[in-house]
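# Examining the three-dimensional arrangement
Residue strings, one per chain:
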Amino acid sequence: MINFFSEDIDFSLSNPHIQTQWISSIIFSHKFSLEEINYIFSSDEYLLQINREHLNHDYYTDIITFDNSEETGVIESDIFISIDRVKENAKNQKASFTDELNRVMIHGVLHLLGFGDKTEEEKKVMREKEDACLSLLKL
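Here's what I pulled together on the structure shown here. (Residues numbered from 1 in each chain as written. Predicted model: local features only at pLDDT ≥ 70, side-chain atom pairs only at ≥ 80, totals over all residues. Heavy atoms only, no water.)

This paragraph deals with the overall build of the chain. Tallying secondary structure elements over the chain gives five helices and four strands in all. Taken from N to C terminus, the helices and strands of the chain fall in the order β-α-β-α-β-β-α-α-α. For 139 residues, the compact-globule estimate of 2.2 N^0.38 gives 14 Å, and the C-alpha radius of gyration of the chain, at 14 Å, lies within 12% of that figure. Judged by the C-alpha coordinates and their principal axes, the chain covers about 35 × 35 × 35 Å. Looking at the chain alone, contacts between residues at least 24 apart form 62% of all its contacts between residues at least 6 apart. As displayed, the chain offers around 7,900 Å² of accessible surface, 48% of which is attributable to carbon and sulfur atoms. The averaged location of the 26 negative side-chain charges in the chain is 10 Å from the averaged location of its 13 positive side-chain charges. (Helix = DSSP H or I, 4+ residues; strand = E, 2+ residues; numbered from the N terminus. Rg over C-alpha atoms; globule rule 2.2 N^0.38 Å. Contact = heavy atoms within 4.5 Å. Areas by Shrake-Rupley, 256 points an atom, 1.4 Å probe, with all protein chains shown as cover. Lys, Arg positive; Asp, Glu negative; His and termini not counted. Charge placed at Lys NZ, Arg CZ, Asp CG, Glu CD.)

Okay, structure coming up:
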């Protein structure tokens, strides 16, 4: 089950059904099962507070993914996304807001599937996986 919420902002996806199917298919194609993902869309300030309280980081970020799963191969997560950061990133990357939002949404899922982004090589693989996943999304 994939749920979409907003905290401290007025935001909703225009195609949640399509995005739910897309995300689910990516998870299943990696041989994982889906228990639950809660996407929580918020402001910069809301996500900054989450970052400070839970990760001891004092900076803005576009996404924080919490892996709540207790078993290997099962996806259960809360994924917080700053709509403010996504808008800013889209502008900086010369991408549409929708494209950047979908990239960030699947980025969190890819972390849950075991892909990292700490090293340059991991970042390269992550970007390739994001691009491959985005190519499957038909909005």
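This part is about the sheet that holds strand β4 (residues 74-82). One open sheet holds the four strands; their spatial order is β1-β2-β4-β3, and the pairing between them is mixed. Strands at the two margins of the open sheet, each flanked by one partner only, are β1 (2-6) and β3 (63-67). Taking each pair of neighbouring strands and ignoring which way they run, the sheet shows an average axis angle of 15°. Relative to β4, β3 runs antiparallel, the two sharing five bridges. Residue pairing in the sheet places Ile64 in a bridge with Phe80 of β4. Where helix α2 (residues 44-55) meets the sheet, its contacts fall on β2 (33-42), β3 and β4, and the angle it forms with β3 comes to roughly 45°. (Pairing = 2+ DSSP bridges. Axes fitted to C-alpha atoms, helices over the stretch in contact; angles between N-to-C directions.)

Just distances and angles here, no functional claims.
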